[in-house]
Amino acid sequence: GGKSMPNQNTGSIPNRYEIKGDVTKLFLYGGYYCVIDTSDFEKVGKLHWFAKKMDNTFYVWNNSYHPNGKKKTVQMHRIINKTPIGMITDHINHNGLDNRKCNLRTATNTQSAINRRRYNPSGYVGVHIAKYKDSKYYQVAICLHGKIKRIGSFKDAVTAAYAYDKEAKILHGSFARLNFPTE
């Protein structure tokens, strides 16, 4: 039989950690850290983890090797969330280094895309600045199953943002990316 090879990127030494009650902080290669529920430490604490950026978010990864020498890369959030193959783990607060169970949920690609951050000059999700002659107004639209649904036009951005939130809650439920999530 073969033996496991150390992780070529970060070595095979487990990460330093700090337990504070229900939350454990794991210090990652490269100066980053992640947080997990202390109850998940036994599952992931013996591996060596590192932060890797995808798009605009850092996630927590581990490289290990099969006895046949093939590299296997795993993401911590998939282990903690027990995410089935073909599904995605969505970080509710958009922080890929926060792997507490309360921040993770299983999602389809479509559901995860609904919750993704995007730059918008209006400052609000689903609200776009439009101009006609010398006046400015705010158009509101939302995407559902790949099709754009127009909600309306408004004179101010805040009213438009509330209109978007109302429709987003109806169409996307708990996956809705809201402008005013606490209201």
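For clarity, every value in this text was computed on a predicted model and none was experimentally measured. (Residues numbered from 1 in each chain as written. Predicted model: local features only at pLDDT ≥ 70, side-chain atom pairs only at ≥ 80, totals over all residues. Heavy atoms only, no water.)

### With respect to the confidence of the model for the protein chain
Selection criterion: pLDDT measures how confident the predictor is about each residue, on a scale from 0 to 100. The contact rule is simple, with two residues in contact once any of their heavy atoms fall within 4.5 Å.
For the protein chain, mean pLDDT is 84; residues scoring 70 or higher make up 90% of the total. Ignoring residues within four places in sequence, the model shows residues 1-10, a span with pLDDT below 50, making 20 contacts including any to other chains.

### A few points about the sheet that holds strand β4 (residues 50-54)
The following threshold applies: Two strands pair if DSSP finds at least two bridges between them. Here a strand is any run of E in DSSP of at least two residues, a helix any run of H or I of at least four, and the numbering for each starts at the N terminus. Lines fitted to C-alpha atoms define the axes, with helix axes restricted to the stretch in contact, and inter-axis angles between N-to-C directions lie between 0 and 180 degrees.
Reading across from one edge, β4-β5-β6 is the order of the 3 strands in this open sheet, with antiparallel pairing throughout. Each edge of the sheet is formed by a strand with only one pairing partner; in this case those strands are β4 and β6 (71-75). On average, each strand axis in the sheet is tilted by 45° relative to the strand beside it, whichever way the strands run. By the bridge criterion, 5 bridges tie β4 to strand β5 (residues 57-65) in an arrangement that is antiparallel. Looking at the pairing, Phe50 lines up with Trp61 of β5.

### A short note on the pairing of β5
Using the following cut-off: Working definition: with a 1.4 Å probe on protein chains only, accessible area under 20% of the residue-type maximum means buried, over 50% means exposed, and in between means partly exposed.
Counting buried residues along β5, 7 of its 9 residues qualify, which places the element largely inside the surrounding structure. Here β4 folds back onto β5, and the loop between the two strands holds 2 residues, one of which, Asp55, carries a positive phi near 55°. The pairing of β5 with β6 spans 5 bridges and is classified as antiparallel. By the bridge assignment, Asn63 is partnered in β6 with Thr73.

### What about the nonpolar core?
Quick reminder of the rule: Here, the term nonpolar core denotes a set of buried Ala, Val, Leu, Ile, Met, Phe, Trp, Tyr and Cys residues that are joined through side-chain atoms within 4.5 Å.
Ranked by size, the top nonpolar core spans 14 residues in total, and within it Leu26, Leu28, Cys34, Ile36, Trp49, Val60 and Met76 carry the most contacts. Contributing elements (two or more residues each) for this core: β3 (33-37), α1 (41-44) and α2 (76-81). Leave out the neighbours within four places in its chain, and Cys34 touches Thr24, Lys25, Leu26, Leu28, Val60, Met76 and Leu97. One finds Val127, Tyr138, Ala161 and Ala168 within the second-largest nonpolar core, a separate group that totals 12 residues.

### As for the sheet that holds strand β2 (residues 23-27)
One open sheet holds the 3 strands; their spatial order is β1-β2-β3, and the pairing between them is antiparallel. Only two strands of the sheet have a single partner each, and these edge strands are β1 (17-20) and β3. Pairs of neighbouring strands in the sheet enclose a mean axial angle of 20°, with direction left out of account. As judged from the 5 bridges shared by β2 and β3, these two strands associate in the antiparallel manner. Across the sheet, the residue bridging to Leu26 is Cys34, located in β3.

### Notes on the side chain of Gln75
Structurally, Gln75 can be placed in strand β6. Every residue in contact with Gln75, bar those within four places of it in the chain, is listed here: Trp49, Met54, Val60 and Trp61.

### Quick word on the pattern of salt bridges
For the record, the criterion: Whenever Lys or Arg places a side-chain nitrogen within 4 Å of a carboxyl oxygen from Asp or Glu, that contact is recorded as a salt bridge.
Following the criterion strictly, the structure yields 8 salt bridges and no others. Between Lys20 and Glu18 there is a salt bridge, with the nearest N and O atoms lying 3.5 Å from each other. Overall, the relative accessible area of 59% leaves Lys20 in the exposed class. Across the pair Glu42 and Lys46 runs a salt bridge, and its minimum N-O distance is 3.3 Å. An identical accessibility class is assigned to Glu42 and Lys46; each is exposed. Each of Asp37, Asp40, Lys43 and Lys101 takes part in a single network of salt bridges with overlapping partners.

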